[in-house]
Amino acid sequence: MQSSEIRQKFLAFFEARGHTVVPSSSLIPDDPSVLLTTAGMQQFKPYYTGDADPVKDFKSLNTVSVQKSFRTSDIDEVGDETHLTFFEMLGNFSFGGYFKEEAITYGHDFITQELGLAISYVTVFKGSDAVPKDTESENIWKSLGVADVREEGMEDVFWGPTGASGPCGPTTEIYCTNANGKDVEIWNIVFNEFLCNGSREQLLAGNAKLIPLEKKGIDTGMGLERLAMISQNKKNIFETDLFAPIVENIDIRASGRNSEKGKRIIADHARAITFLLADGVRPSNKGVGYVLRRLMRRLIIYGVQDALLFDTVIDSYKDFYEELNDENNRDEIIRVAANEYGKFGSTLGRGLNELRRIGEVDAKMAFKLYESFGLPYEMIKDFDDGKNAKNLTREAFDEEFRKHQEISRAGATAKFGGHGLYMKTGEVTIRDESEVEKVTRLHTATHLMHAALRAVLGPEVRQDGSDITVERTRFDFRFGRKVAPEELKKVEEWVNDAISRDLKVEYKEMAYEEALVEGALGFFKEKYPPRVKVYTMFDPKTGEIFSKEFCGGPHVGHTGEVGRFRIVKEESSSAGVRRIRGVVE
Ligand code: SER
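Note that the structure is predicted; figures quoted are calculated from it, not measured.

> For the overall build of the protein, give the residues involved together with the corresponding values.
A tally of regular secondary structure across the protein gives 19 helices and 16 strands. Taken over the C-alpha atoms alone, the protein extends approximately 75 × 60 × 45 Å along its principal axes. When burial is assessed residue by residue, the protein has 57% of its 585 residues classed as buried. The long-range fraction of contacts in the protein, counting pairs at least 24 apart against all pairs at least 6 apart in sequence, stands at 69%.

Written out as structure tokens, the structure is:
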């Protein structure tokens, strides 16, 4: 079955069973605590928690969608049979409408009857200290004639929460067999029974609470690419009709890296780049812009940053995704890609020549290449099918990074009198220690203002830089127009409301990639360290997160210490960038 037919059948199947069809949301979510949309349920988070009313918005308790999704966590796996960065997720959702019996039966019937495929086996939750074993699901599967029901634990069959907190619960997964005889997980059916007051990491470490949800919910996710692989009886996702036309158009003979894996990586990245650009992301050195830049650079080393490739992607998807069926958008995608090529092509080329000249590199040399030419780890690892980096590991490369970071930090500490300020964010400028308290308050206010701007003007607001002195904070951000006085007032009110709620301010150290996946907002230079600090400002009573950003600190412990925040000026800083100055009183 062609993938376009699978999409239509999926939507029609659930529409006929009382679900409202909802279009995919953007890859850039509304939820400021998440960097990218990683699942279909993200746009529905408030309906699970009771913060929004599904009947009012969808005229139904149930919805269905085909969601554009992106997972940075799988980036190192891309090139194998089943992993991708960008993918399409088919999902049906219920917010207090139906639960296990219907959800499992729908899943079973869609796979076996509608698509005529066989289920190899399913998994159910085996139970933990906090949540009992899911015998109900096991019994439902058995009553439907699926005999092979396997038990798994928290790591595998317990979903969520996405972001800093949110709905979560046990899951049941459906596995089918591909043309290689390999069992592949295709569908994850989540029973959202709880609200978790912390992140997934905190939950797994036993540091977060599960609060039973008033209305239980269903959230399911099925990868279209994997389903097409099963339905079209292919050995891997790249042989399906979703990828074959793209892969066919990739010619990397000239790069000297003409491997099948290389072609797969290019096909994945070309699709991801196209969709990120179409949703308004532009290459930069921070946050999601940096994710995009890394994908683009990887294509550049294969020498395939060309219009033909993007045209093929656009042609394959423009019937279903309106944003690609737009000439202006197409031209802009190709223009930005060419521009990035122009900017980095020659530096990267010199870097790769240097790598070729050196031959085998160790972690130290690899890091030097990164520093001098911007060659990221994965590029060095990929180059010439890995010939120059046989013994290089990500851990060793990250270790070099950390060492480098410590040296810069030691320098900063010495320079600024050893009060623990970490100057590398470029946000704080302090002349002597007596000023620390004031700039610390301003620094916390700056994070709140960033969150407020995104809440009032929309998630397209992107920090471009900031500078804090003892008198004021100055914050630059990408935004296409002047901010109206009423909007500035709203931003001020948002910040002062957050201050008066006396939010708790906490930080956690984590791996950079993990922080991205957790959705921390990043204002970051290219040289990100392997471990970063992420500051969160949250209401200790409800767990609600107001702000979550990469940052070296320092910040106040409670937002009540900030005082009253006031915006004193809004102006243009450069093309497409606005500048706001604010004070605390
Ligand atoms: N949220 C779950 C997942 O992404 C089911 O949609 O796997």
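> Report on the pattern of salt bridges, specifying residues and quantitative values.
Opposite charge on two side chains permits them to pair, given that their charged atoms come into close proximity. By the definition in use, this model includes 32 salt bridges. The partner of Lys68 in a salt bridge is Asp279, with the nearest N and O atoms 3.1 Å apart. Linking Lys68 in strand S2 (residues 62-70) with Asp279 in the loop between helix H10 (260-278) and helix H11 (287-302), this pair joins segments that are 211 residues apart in sequence. For the pair formed by Lys68 and Asp279, the shared burial category is buried. One salt-bridge network, in which partners are shared between bridges, spans Lys133, Glu138, Lys142 and Glu151.

> Lay out the packing of helix H1 (residues 3-15) against helix H8 (residues 224-231) in plain terms, naming residues and giving numbers.
Running from N to C, H1 and H8 cross one another at 115°; their axes reach a closest spacing of 10 Å. Here H1 lies roughly perpendicular to H8, going by the angle between them. Where H1 crosses over H8, the handedness of that crossing is right-handed. Of the residues in H8, those touching H1 at Ser3, Ile6 and Arg7 are Leu224, Leu227, Ala228 and Ser231. Partitioned by chemical class, the residues of the contact of H1 with H8 number four nonpolar, two polar and one charged.

> Could you give an account of the sheet that holds strand S13 (residues 531-538), with specific residues and numbers?
Judged by pairing direction, the sheet is antiparallel, and its three strands sit side by side in the order S12-S13-S14 without closing on themselves. What marks the edges here is a single partner per strand, and that holds for strand S12 (504-511) and strand S14 (545-550). Recorded for the sheet is a direction-independent mean angle of 20° between the axes of neighbouring strands. Across the sheet, helix H17 (residues 436-457) touches S12, S13 and S14, and the angle it forms with S14 is around 110°.

> A description of the sheet that holds strand S15 (residues 565-574) should follow, citing residues and the corresponding values.
An order of S10-S11-S16-S15 is seen for the four strands of this open sheet, with the pairing classed as antiparallel. The sheet terminates laterally at strand S10 (462-468) and S15, the two strands that pair on one side only. For this sheet the average axis-to-axis angle between neighbouring strands, irrespective of direction, equals 20°. With six bridges connecting them, strand S11 (residues 473-478) and strand S16 (residues 577-584) associate as antiparallel partners. In the strand pairing of S16, Phe477 is matched with Arg578. Each of S15 and S16 is contacted by helix H18 (residues 485-500), which is oriented at about 135° to S15, the strand it contacts most.

> Give me the lowdown on the environment of Arg335, citing residues and values where you can.
Secondary-structure assignment places Arg335 in helix H13 (residues 327-358). We classify Arg335 as partly exposed; its relative accessible area is 48%. Residues Arg335 and Ala307, 28 residues apart in the sequence, show an inter-C-alpha distance of 8.8 Å.

> Could you give me a rundown of the site of the ligand, with the residues and numbers involved?
Surrounding the ligand, one finds Ala39, Met41, Arg71, Met89, Trp159, Asn188, Val190, Asp219, Thr220 and Gly221. A distance of 2.9 Å is found between an oxygen atom of the ligand and a side-chain nitrogen or oxygen belonging to Asn188. One of the backbone N or O atoms of Gly221 is found 3.0 Å from an oxygen atom in the ligand. Protein burial of the ligand: of its 230 Å² of free accessible surface, 95% is covered by the chains. Broken down by element, the residue count for the shell around the ligand peaks at three residues, all from strand S9 (residues 210-223). In terms of residue class, the shell around the ligand is built from five nonpolar, three polar and two charged.

> Describe H10, and please don't skip the residues or the numbers.
Over its 19 residues, H10 runs 27 Å from end to end, which matches the ideal 27 Å to within 8%, given 1.5 Å per residue. In terms of burial, H10 is largely enclosed, as 16 of its 19 residues are buried.

> Explain the pairing of strand S4 (residues 121-125) residue by residue, including any values.
Along S4, five of the five residues are buried, which leaves the element largely enclosed by surrounding structure. Covered by surrounding structure in S4 are Tyr121, Thr123 and Phe125 together with Val122 and Val124, the residues of both alternating faces. Judged from the three bridges that link them, S4 and strand S7 (residues 166-177) form a sheet pairing that is antiparallel. Counted as the bridge partner of Val122 is Ile174 from S7. In terms of strand pairing, S4 meets strand S5 (residues 149-152) through four bridges, oriented parallel. Along S5, the bridge assignment pairs Val122 with Val149. Chirality of the crossover, the property in question, places the unit of S4, helix H5 (residues 135-143) and S5 among those that are right-handed.

What counts and how
Numbers given for residues are sequential positions, taken from 1 along each chain in its written order. This being a predicted model, a pLDDT of at least 70 is required before a residue's local features are given, and a value of 80 or more before pairs of side-chain atoms are given or counted; all residues contribute to the totals for chains, interfaces and linings. Calculation of side-chain values draws on the structure's entire complement of heavy atoms; hydrogens and water are dropped beforehand. Each helix is a run of DSSP H or I of at least 4 residues and each strand a run of E of at least 2, with the numbering of both proceeding from the N terminus. Partly exposed describes any residue whose relative accessible area lies between the buried limit of under 20% and the exposed limit of over 50%, with all areas from a 1.4 Å probe on protein chains only and scaled to the type maximum. By definition, residues are in contact when any of their heavy atoms lie within 4.5 Å. Counted as salt bridges are all cases of a side-chain nitrogen of Lys or Arg within 4 Å of a carboxyl oxygen of Asp or Glu. Angles shown run from 0 to 180 degrees and are taken between the N-to-C directions of axes, each axis being a line fitted to C-alpha atoms and, for helices, limited to the stretch in contact. What sets the label is the angle itself: under 35 degrees gives roughly parallel, over 145 gives roughly antiparallel, 65 to 115 gives roughly perpendicular, and the rest give oblique. Each crossing gets its hand from how the near helix is turned against the far one by less than a right angle, where anticlockwise is left-handed and clockwise is right-handed. Residue type decides the class: Asp, Glu, Lys and Arg count as charged, Ala, Val, Leu, Ile, Met, Phe, Trp, Tyr, Cys and Pro as nonpolar, and the leftover types, Gly among them, as polar. Two strands are counted as paired when DSSP detects at least two bridges linking them. Definition of nearness: a residue and a molecule or strand are near each other if at least one heavy atom of the residue lies within 4 Å of the molecule or strand. Any N or O atom pair separated by 3.5 Å or less is treated as a polar contact, with the protein-specific requirement of one donor-capable and one acceptor-capable atom, and with residues adjacent in sequence counted only for side-chain atom pairs. Accessible surface area values rest on a Shrake-Rupley calculation with a 1.4 Å probe, where residue burial reflects the displayed protein chains alone. One less than the residue count of a helix, multiplied by 1.5 Å, gives the span that helix is expected to have. For the handedness criterion, the strands are oriented away from the viewer, and a crossover whose path from the first strand over the helix to the second runs clockwise is classed as right-handed.

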